[in-house]
Amino acid sequence: MQKYLEETKIINYANTEVKALASSLAKECKTDTQIAKKCFEYVRDEIHHTGDNKDDRTTCIASDVLKYKTGWCYSKIHLLAALLRANKIPAGFCYQRLSCSEYKKGVYCLHGLNAVYLKDYGWYKIDARGNKKGVDAQFNPPYEKLAFELGKHEYDLPEIYDKPLEIVVQALEKHTTYEEMVDNFPDIKVIES
């Protein structure tokens, strides 16, 4: 479980602002589930989804996501993991391969979400991409209510990763504008059975 609590260059929860926010969100909470819910709702509701707002800034590192209050789903999961890990709650990274036709027709890409380890429930997936018309992700363990239901040719990657996928980090670091990201979403092809 220790690897799901580690600080990294991307999940930089020792950053002063990240640590202060994590502490503030945990205030008056009595359980890890309450803390996780507050962290989830903060990232879902207070950090803009870059694609929804067409922000021309691409963030990657948790502290930058907090500083600029914007991020693609991938960036938002970095901040959420940092807030959870700062509160000693194990957090990992999960991905789905989804149609990204909302941005560009005929394109598939990865979508990032988190898994959090809750003492009363075990691993529980949460999706803080941000709600909008047709998207209603919630925190209600043990029931998972993610942003998207899988459609044809869409699937979950089976692992809970302790670090963000390198292909995701590389895309965020290389493609710094809205248009560049839309033209270069990270994708991974898994052989469908």
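Residues numbered from 1 in each chain as written. Predicted model: local features only at pLDDT ≥ 70, side-chain atom pairs only at ≥ 80, totals over all residues. Heavy atoms only, no water.

**Student:** It is not clear to me how helix α1 (residues 16-26) should be interpreted in this structure. Could you clarify?
**Tutor:** Given 3.6 residues per turn, any residue in an α-helix points the same way as the ones three and four places further on. Among all positions in α1, only Val-18, Leu-21, Ala-22, Leu-25 and Ala-26 are buried. The buried residues of α1 occupy an angular sector of 130° when the element is viewed end-on, so they sit on one face. In α1, those exposed residues whose orientation departs by more than 90 degrees from the buried face are Thr-16 and Glu-17. Looking at the buried residues of α1, the elements they touch are α2 (32-46), α4 (62-68) and α5 (73-86). Where α1 begins, one side-chain oxygen reaches toward the backbone nitrogen of Glu-17, 3.0 Å away; that side chain belongs to Asn-15. Looking one or two places after α1, you find Glu-28, whose phi comes out positive at around 70°. (Buried < 20%, exposed > 50% of the residue type's maximum accessible area, 1.4 Å probe, protein only. Helix = DSSP H or I, 4+ residues; strand = E, 2+ residues; numbered from the N terminus. Arc of directions from axis to C-beta. Contact = heavy atoms within 4.5 Å. Polar contact = N/O pair within 3.5 Å; in protein donor to acceptor, adjacent residues only side chain to side chain.)

**Student:** Before we go on, may I ask you to explain α2 in this structure?
**Tutor:** Compared with an ideal rise of 1.5 Å per residue, which puts 15 residues at 21 Å, α2 spans 21 Å between its outermost C-alpha atoms and is within 8% of the ideal. Among all positions of α2, only Asp-32, Thr-33, Ile-35, Ala-36, Cys-39, Phe-40, Tyr-42, Val-43 and Arg-44 are buried. In the core, the buried residues of α2 are packed alongside α1, α4, α5, β4 (108-118), β5 (122-126) and β6 (138-140). (Expected span 1.5 Å × (residues − 1).)

**Student:** How should the state of the cysteines be read in this particular structure?
**Tutor:** Linking two cysteines covalently through their sulfur atoms gives a disulfide. Under the definition given, this model contains one disulfide. The partner cysteine of Cys-100 in its disulfide is Cys-109, sulfur to sulfur 1.7 Å. Its torsion about the S-S bond being -45°, the disulfide of Cys-100 and Cys-109 is classed as left-handed. Judged by relative accessible area, Cys-100 falls into the buried class, the value being 7%. (Disulfide = S-S within 2.5 Å.)

**Student:** Sorry if this is basic, but what is going on with the sheet that holds strand β3 (residues 91-99) here?
**Tutor:** Taken together, four strands build an open sheet; the order of strands is β5-β4-β3-β8 and the sheet is antiparallel. The sheet terminates laterally at β5 and β8 (155-156), the two strands that pair on one side only. Sheet topology note: the β4/β5 ladder contains five bridges and is antiparallel. Its bridge partner being in β5, Tyr-117 is matched across the sheet by Trp-123. Sitting on the sheet, α2 is in contact with β4 and β5, with an inclination near 150° to β4. (Pairing = 2+ DSSP bridges. Axes fitted to C-alpha atoms, helices over the stretch in contact; angles between N-to-C directions.)

**Student:** When you look at the packing of α2 against α5 in this model, what are you seeing that I'm missing?
**Tutor:** Angle between the axes and distance between the axes: these two values describe a pair of packed helices. Look at α2 against α5: their axes get within 10 Å of each other, and the N-to-C directions meet at 155°. One finds that α2 runs roughly antiparallel with respect to α5. Remark: the crossing between α2 and α5 carries right-handed chirality. Of the residues in α5, those in contact with Ala-36, Cys-39, Phe-40, Tyr-42, Val-43 and Arg-44 of α2 are Lys-76, Leu-79, Leu-80, Leu-83 and Leu-84. Class assignment for the residues of the contact of α2 with α5 results in nine nonpolar, no polar and two charged. (Parallel < 35°, antiparallel > 145°, perpendicular 65-115°, else oblique. Left-handed = near helix turned anticlockwise from the far one by under 90°. Nonpolar A, V, L, I, M, F, W, Y, C, P; charged D, E, K, R; others polar.)

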